[in-house]
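# Coordinate analysis (summary)
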Amino acid sequence: MASICGGHCLRCDFRMNAEAAQSACPLCDGGIELLLKFSDQDSDRDRVSCIPDFNMGRYSALLPLPGLAEAACGIGGTPLLEARNLGKALGLERLRLKDDTRNPSASLKDRATLSVLLAAKERGHKTVATASTGNAAASLAALSARMDMEAIVFAPKTAPPAKLNQIKSHGARLYLVDGDYDYAYDLCQAAVRKFGWYSRSTGNNPYCAEGKKTVAFEIAEQLLWKAPDYVFVPTGDGSILGSTHKGFRELHELGWIDSIPRLVSVQAEGSCAVVDAWEMNRNILAVRSETLADSIAVDYPRDGERALRAIKESDGFGLRVSDDEIVEAMSLLARLEGVFAEPAAAATVAGLKRALSEELLPPEALTVALITGHGLKDSSALSSKWEEPKLVEKIGDLP
Ligand SMILES: *Cc1c(COP(=O)(O)O)cnc(C)c1O
Ligand SMILES: [Zn+2]
C-alpha cells in the first residue's frame, strides 16, 4: 500500500500535510492531489504482472487504501479492445478502445466510488453523499449496496431516466434538483457541511483521483508496460483527465513506462470551459452548458485546474465536438465495433475524427480512446440514426 505524505492544491498551489489533505483545499476550496510515497518493495512492476486477478485491486501497492484488493472484485479490469473496423473507417492504424462501460454500474465512475467508499470506511463514516449528473450517483448507489454503506445523491431532475432508475433500484436516497448539475453540487456541499456526511463529489474528495488513475495503470499494463502515444478523454469536471494523467505520471516516475502519452481533452461545444481556458491560456471560467452529452454537461469544472495541467504537462491538446458529431460517433462505435456508448463516452471518438481532420493526430500513432459509460444509460440518444423496424405478422411480410 502507498502512504500519503501530503496534499497539493492544484488551484492555489498550497501544499499541506497528510492530515489536512482530506477534502478540498482549506484556503481556496480547489481540488487536492494526494502526494504518495511508494515503498521499494512496491516499486516492482513484475510483482503486479504476477497477480492473477485483473481488476483495479492489482494496483493496491500504488494506492493509499487498505482493503482495496479484497473489495475490488469486478471493478476495473476492463478490456482494451483493438478497434480495427473503426480505425480503418477513421484512418487510424493503431486504435484501441478502453471499454469502461463494463464496470458494475456501467461507467468508469466505479473506480472512484470504490476508493472513496474504502476511505469513508477507514474514517468510520456510514453515509456518503454525492452530487452527480447521474453516473457518479448510480455508481455510489450500486457499490454502497454491496459495501453496506448509505448513499445520498443529488442529481438534476433532467438526468436520463435510466440513470435515475439505477439510483432508485439500488436503494440510495435520491434528491432531485430543479436545476443543473452545478446547482446540485452546491446543494450537496451545503448538506454535507450541515449533516457531516462524507462527500464523494468530484473536486471535494482526493480519493476519486486515486481510483480513476487505475485506468491509466491498466492501459499501460495491457500494452505490456508501454505508454500509448495519445489518450483521448471525455471531459466534464476534468477529474478523469487529471486522474489519467496522475496514473501515467506515477508509472513514469517509478520507471515502469518510458514516456507519458499526450492527453487530449474532448469536450462538447456547448460545455467547453476547460478547452476555452486551455486555448486562451487563462484560468477556468464558468460557461452555460448545453449538450445532449449529459455526463459532460458542466458549467464550472470542479477539477478544471487538474485537467489543464494534464493537457499542458503532457503536451496534449483540447478539442470541441458538436452534438451531431457525438451522435455520429455513437453510431460508428455501435455499428463497427459492437460497443454501445453513451453520448459523453462517444465524444472521444468524435474527437478522434476531428483531430485527424485538423491534422493534430498522426494516423500511425498508437491511440487510446476512453469509453467511459454504457449506451443503455441513455439508450434513445441514437434514435435519429435508427431505421424504424417493420412490423411483421406473417412470413409473407418479409421481402
Ligand atoms: C463523469 C463522466 C465523464 C466526465 O468525467 P469528468 O471527470 O467529469 O471530466 C465522461 N463520461 C462519462 C460516461 C462520465 O460518467
Ligand atoms: Zn488552494
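The sections below set out a description of the structure shown in this document.

Conventions used here
- Residues numbered from 1 in each chain as written.
- Chains lettered and ligands numbered in written order.
- Predicted model: local features only at pLDDT ≥ 70, side-chain atom pairs only at ≥ 80, totals over all residues.
- Heavy atoms only, no water.
- Donors = N, O, S within 2.8 Å, 3.2 Å for Na, K, Ca; no water.
- Tetrahedral: all angles 85-135°; square planar, octahedral: opposite > 155°, others 65-115°.
- Helix = DSSP H or I, 4+ residues; strand = E, 2+ residues; numbered from the N terminus.
- Buried < 20%, exposed > 50% of the residue type's maximum accessible area, 1.4 Å probe, protein only.
- Axes fitted to C-alpha atoms, helices over the stretch in contact; angles between N-to-C directions.
- Parallel < 35°, antiparallel > 145°, perpendicular 65-115°, else oblique.
- Left-handed = near helix turned anticlockwise from the far one by under 90°.
- Contact = heavy atoms within 4.5 Å.
- Nonpolar A, V, L, I, M, F, W, Y, C, P; charged D, E, K, R; others polar.
- Patch = residues over 30% accessible without salt bridge, like charges linked within 9 Å, V, L, I, M, F, W, Y side chains within 5 Å.
- Areas by Shrake-Rupley, 256 points an atom, 1.4 Å probe, with all protein chains shown as cover.
- Salt bridge = Lys/Arg side-chain N within 4 Å of Asp/Glu carboxyl O.
- Pairing = 2+ DSSP bridges.
- Near = heavy atom within 4 Å.
- Polar contact = N/O pair within 3.5 Å; in protein donor to acceptor, adjacent residues only side chain to side chain.
- Phe/Tyr/Trp six-rings, centres within 6.5 Å; stacked < 30°, edge-to-face > 60°.
- Lys NZ or Arg CZ within 6 Å of the ring centre and 35° of its normal.

## Points about the coordination of the zinc ion (ligand 2)
- Protein coordination at the zinc ion (ligand 2): the donors are Cys9 (SG), Cys12 (SG), Cys25 (SG) and Cys28 (SG), at 2.3 Å from the metal.
- Viewed at the metal, the four donor atoms of the zinc ion (ligand 2) are separated by angles of 96 to 114°, and the geometry they form is tetrahedral.
- All donors of the zinc ion (ligand 2) belong to a single chain; written as a sequence motif, their spacing is C-x2-C-x12-C-x2-C. With Cys12 in the loop between strand E1 (3–9) and strand E2 (15–16) and Cys28 in the loop between E2 and strand E3 (32–37), this pair connects stretches of sequence that are 16 residues apart.
- A relative accessible area of 35% means that Cys12 is categorised as partly exposed.
- Looking at Cys28, the relative accessible area reads 24%, which means it is partly exposed.

## Comments concerning the packing of helix H10 (residues 239–254) against helix H12 (residues 304–313)
- Interaxial distance between H10 and H12 falls to 7 Å at its minimum, and their mutual angle equals 50°. Judged on the interaxial angle alone, H12 and H10 are oblique. Seen along the crossing, H10 lies across H12 with a hand that is left-handed. In this structure, H10 uses Leu241, Gly242, His245 and Arg249 to contact H12, whose residues at the interface are Arg306, Ala307, Arg309, Ala310, Ile311 and Glu313.
- Tallied by class, residues from the contact of H10 with H12 come to four nonpolar, two polar and four charged.

## Considerations on a nonpolar patch on the surface
- The grouping of Val392, Ile395 and Leu398 at the surface amounts to a nonpolar patch, some 300 Å² of accessible area in total.
- By the secondary structure assignment, Val392 is in the segment after strand E13 (366–371).
- Judged by relative accessible area, Val392 falls into the partly exposed class, the value being 44%.

## A word on the sheet that holds strand E8 (residues 173–177)
- As summarised here, the arrangement of the four strands in space is E8-E7-E6-E9, forming an open sheet in which the pairing is parallel. Both edges of this open sheet fall to E8 and strand E9 (198–199), since each of them pairs with a single strand only.
- Contacting strand E7 (150–156) and E8, helix H6 (residues 161–169) crosses the sheet at an angle of about 150° to E8.

## Comments concerning the site of ligand 1
- Taken together, 16 residues sit near ligand 1, with Lys109, Asn135, Gly236, Gly238 and Thr372 positioned nearest.
- A distance of 2.7 Å separates an oxygen atom of ligand 1 from a polar atom in the side chain of Lys109.
- For ligand 1, an oxygen atom lies 2.8 Å from a polar atom in the backbone of Asp237.
- A per-class count over the shell around ligand 1 returns four nonpolar, eight polar and four charged.

## Notes on the packing of aromatic side chains
- Scanning the entire structure with this criterion turns up seven aromatic pairs.
- Ring-pair connections join several aromatic residues into one group, and the members of that group are Tyr230, Phe232 and Phe317.
- The cationic tip of Arg58 hangs over the ring face of Tyr59; the distance from NZ or CZ to the ring centre is 6.0 Å.
- Here Arg302 stacks its cationic end above the ring of Tyr185, 3.8 Å away from the centre of that ring.

## Brief notes about the sheet that holds E1
- Here three strands make up an open sheet; going across it, the order is E2-E1-E3 and the pairing antiparallel. Two strands close off the open sheet at either side, each with one partner strand: E2 and E3.
- Pairing between E1 and E3: six bridges, direction antiparallel. From the neighbouring strand, His8 faces E3, where its bridge partner is Glu33.

## Some remarks on the pairing of E13
- The element E13 is largely enclosed, with a buried count of six among its six residues.
- Burial of E13 is two-sided: the residues Leu366, Val368 and Leu370 facing one way and the residues Thr367, Ala369 and Ile371 facing the other way are all buried.
- Where strand E5 (residues 94–99) meets E13, six bridges bridge the pair, whose relative direction is parallel. Bridge pairing links Leu97 to Ala369 in E13.
- Sheet topology places strand E10 (residues 230–234) next to E13; three bridges connect them, and they run parallel. The residue of E13 that forms the bridge with Tyr230 is Thr367.

## Quick look at the packing of helix H9 (residues 214–222) against H10
- Put simply, H9 and H10 touch, their axes get as near as 7 Å, and they point 50° apart. Viewed along their axes, H9 and H10 adopt a mutual orientation that is oblique. Judged by the twist between their axes, the crossing of H9 over H10 is right-handed. Residues Val215, Ala216, Phe217, Ile219 and Ala220 of H9 form the contact with H10, whose participating residues are Thr244, Gly247, Phe248, Glu250 and Leu251.

## Quick word on the environment of Glu19
- Position of Glu19 relative to the elements: it lies in the loop between E2 and E3.
- For Glu19 and Gly171, which are 152 residues apart along the polypeptide, the C-alpha to C-alpha distance reads 33 Å.

## Observations regarding the pattern of salt bridges
- Taken as a whole and assessed by the stated rule, the structure comprises 30 salt bridges.
- Sharing partners across several salt bridges, the network here consists of Glu33, Arg249, Arg309 and Glu313.

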